[in-house]
Amino acid sequence: MNWVERVAEMRRWTRGGERAPHKPLLLLYVLGRFQQHGNRPIPFSAAETELKKLLKEYGPPRETSPGYPFHHLTNDGLWLIDTRHGPGSPGPELGRLRDSQAAGRLHPDLARALSEEPSLLGRIARYLLDANFAPSLHADLCLLAGLDLETLETAGELKKAVRRDPGFRDRVLMAYEYCCAFCSYDGWLDGAVVGLDAAHVRWWAFDGPDDVANGLCLCAIHHKLFDKGVLGLTGEHTIAVSAKFVGRSQSSLDMVLSLAGRPARKPQPGLDTVEQEHISWHSRQVFRPPARG
């Protein structure tokens, strides 16, 4: 059985390009636990807090209960739940999961495959990351999920399933004249640009094209904040700052809070600005509303 394909086929709620990474987040957390403890049952009481953190930081802007993926993953042949009453999930309601002492574990066939083929864990993790999250978030997400990404990468087990356009970065940085569109940072070291990234506005994992019209040249910190939903872009191409962001230092004021309402840098004349449909997707699926005035 090809378990990567099986994971890719798991059912997810979809509507109009909205992100629904609830099951992938649970699976990444479970793979981290498997790495550390094998296929021991994971009590919902132990997983609830960690899942809440993962959903809050890496899920869509709307709130979601951790009971949703814990229960619904049982429909995909990857995950089993037992309660004090016997096999089977009591449903997604938090009270029922707690009261029944629900505990989940990987399907024995998947657990056996992971034990017999250590590289499989890395391939599944890489698929889940590439298919659901912006690359700038992968390392921090794995850290929060308890998944040892560095060891897997060192062992050569996490490889890109699909090659992205290697020219995207060069085209975007050139379009913005090697300057951050939000803060104008433009560092170079020994003739090479340093600390600047080509950020996808609509994530590549969600059909975001490798085009200048879907790209922004951002410094490393503003790229991370853009992918986490702290920063956004309005239809008028001004910078939005989430009111949920809190920063009290002068650095936070200078680097983040002062950006609110400031026009984003535009690409060179004759080159495409970011398309409205990609801005709208980021505003709905990534940015954390409301925006500061």
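Use the structure listed above.
Asker: Honestly, the nonpolar core in this entry has me stumped. Any pointers?
Answerer: Within soluble globular proteins, side chains that are nonpolar generally end up buried alongside one another. Counting residues in each nonpolar core, the largest one holds 49 residues, and the members touching the most others are Leu28, Phe70, Leu114, Ile124 and Leu128. Going through the elements one at a time, helix 1 (3-8), helix 2 (22-37), helix 3 (44-58), strand 2 (79-83), helix 6 (108-116), helix 7 (119-132) and helix 8 (138-145) are the ones with two or more residues in this core. No other element matches helix 2, which puts 8 residues into this core. Aside from chain neighbours lying at most four places away, what touches Ile124 is Trp3, Val4, Val7, Leu31, Leu110 and Leu114. Membership of the second largest hydrophobic core comes to 32 residues, among which are Ala181, Leu196, Leu233 and Ile279.

Asker: When you look at the layout of surface pockets in this model, what are you seeing that I'm missing?
Answerer: A water-sized probe rolled over the atoms picks out the places where empty space is left. Approximately 520 Å³ is the volume attributed to the largest pocket. A breakdown of the residues in the lining of the largest pocket according to their chemical character gives 6 nonpolar, 3 polar and 9 charged.

Asker: I'm lost on the packing of aromatic side chains in this one. Help?
Answerer: For any pair of aromatic rings, geometry is given as the distance between the ring centres together with the angle between the planes. Here the structure, examined in full by the defined rule, presents 7 aromatic pairs. Aromatic side chains Tyr178 and Trp188 sit 5.4 Å apart centroid to centroid with 55° between the ring planes, which places their arrangement in the tilted category. Of this pair, Tyr178 sits in the loop between helix 10 (168-175) and strand 5 (188-189) while Trp188 is found in strand 5, placing the two residues 10 residues apart along the sequence. We classify Trp188 as partly exposed; its relative accessible area is 47%. Here the aromatic residues Phe44, Phe70 and Trp79 are joined through ring pairs into a cluster of three or more.

Asker: Could you clarify how one ought to interpret the pairing of strand 2 in this entry?
Answerer: Each regular strand shows side chains that alternate between the opposite faces of the sheet. Of the two faces of strand 2, the one holding Trp79, Ile81 and Thr83 is buried and the one holding Leu80 and Asp82 is not buried anywhere. Here strand 2 runs beside strand 4 (residues 103-106); their pairing, made up of 4 bridges, is antiparallel. When the bridges of strand 4 are listed, Leu80 appears paired with Arg105. As paired strands, strand 2 and strand 3 (residues 86-87) are joined by 2 bridges and run antiparallel to one another.

Asker: It is not clear to me how the side chain of Asp210 should be interpreted in this structure. Could you clarify?
Answerer: Tracing the backbone through its elements, the reader meets Asp210 in the loop between strand 7 (196-200) and strand 8 (215-219). For the buried Asp210, which has no salt bridge, the nearest side chain bearing the opposite charge is Arg171, at an N-O separation of 6.1 Å. At a separation of 2.6 Å, a polar atom in the side chain of Asp210 contacts the side chain of His200.

Asker: Whenever I open this one, empty space enclosed by the protein confuses me. Can you help?
Answerer: This model, assessed by the stated rule, comprises 2 cavities of 30 Å³ or more. Looking at the largest cavity, its volume works out to about 50 Å³. Along its surface, the largest cavity is lined by Arg19, Glu57, Tyr58, Gly59, Phe133, Leu137, Trp203, Asp227, Lys228, Gln285, Val286 and Arg288. Of all the secondary-structure elements, those providing two or more residues to the lining of the largest cavity are helix 3 and helix 11 (220-228). A per-class count over the lining of the largest cavity returns 5 nonpolar, 2 polar and 5 charged. A volume near 30 Å³ is recorded for the second largest cavity. Here the residues of the lining of the second largest cavity are counted per class, giving 4 nonpolar, 2 polar and 2 charged.

Asker: What am I meant to see in the environment of Glu236 here?
Answerer: Mapping Glu236 onto the fold places it in the loop between strand 9 (231-233) and strand 10 (239-241). Residue classification places Glu236 among the exposed residues on the basis of a relative accessible area of 66%. The sequence separation of Glu236 and Ile279 amounts to 43 residues, and the corresponding C-alpha distance is 9.9 Å.

What counts and how
- Residues numbered from 1 in each chain as written.
- Predicted model: local features only at pLDDT ≥ 70, side-chain atom pairs only at ≥ 80, totals over all residues.
- Heavy atoms only, no water.
- Core = buried A, V, L, I, M, F, W, Y, C linked by side-chain atoms within 4.5 Å.
- Buried < 20%, exposed > 50% of the residue type's maximum accessible area, 1.4 Å probe, protein only.
- Helix = DSSP H or I, 4+ residues; strand = E, 2+ residues; numbered from the N terminus.
- Contact = heavy atoms within 4.5 Å.
- 1 Å grid on protein atoms, 1.4 Å probe; cavity = no way out; pocket = protein on both sides within 12 Å on 5 of 7 lines; lining within 4 Å.
- Points joined across faces, edges and corners; volume = space filled by probe spheres on them.
- Nonpolar A, V, L, I, M, F, W, Y, C, P; charged D, E, K, R; others polar.
- Phe/Tyr/Trp six-rings, centres within 6.5 Å; stacked < 30°, edge-to-face > 60°.
- Pairing = 2+ DSSP bridges.
- Lys, Arg positive; Asp, Glu negative; His and termini not counted.
- Salt bridge = Lys/Arg side-chain N within 4 Å of Asp/Glu carboxyl O.
- Polar contact = N/O pair within 3.5 Å; in protein donor to acceptor, adjacent residues only side chain to side chain.

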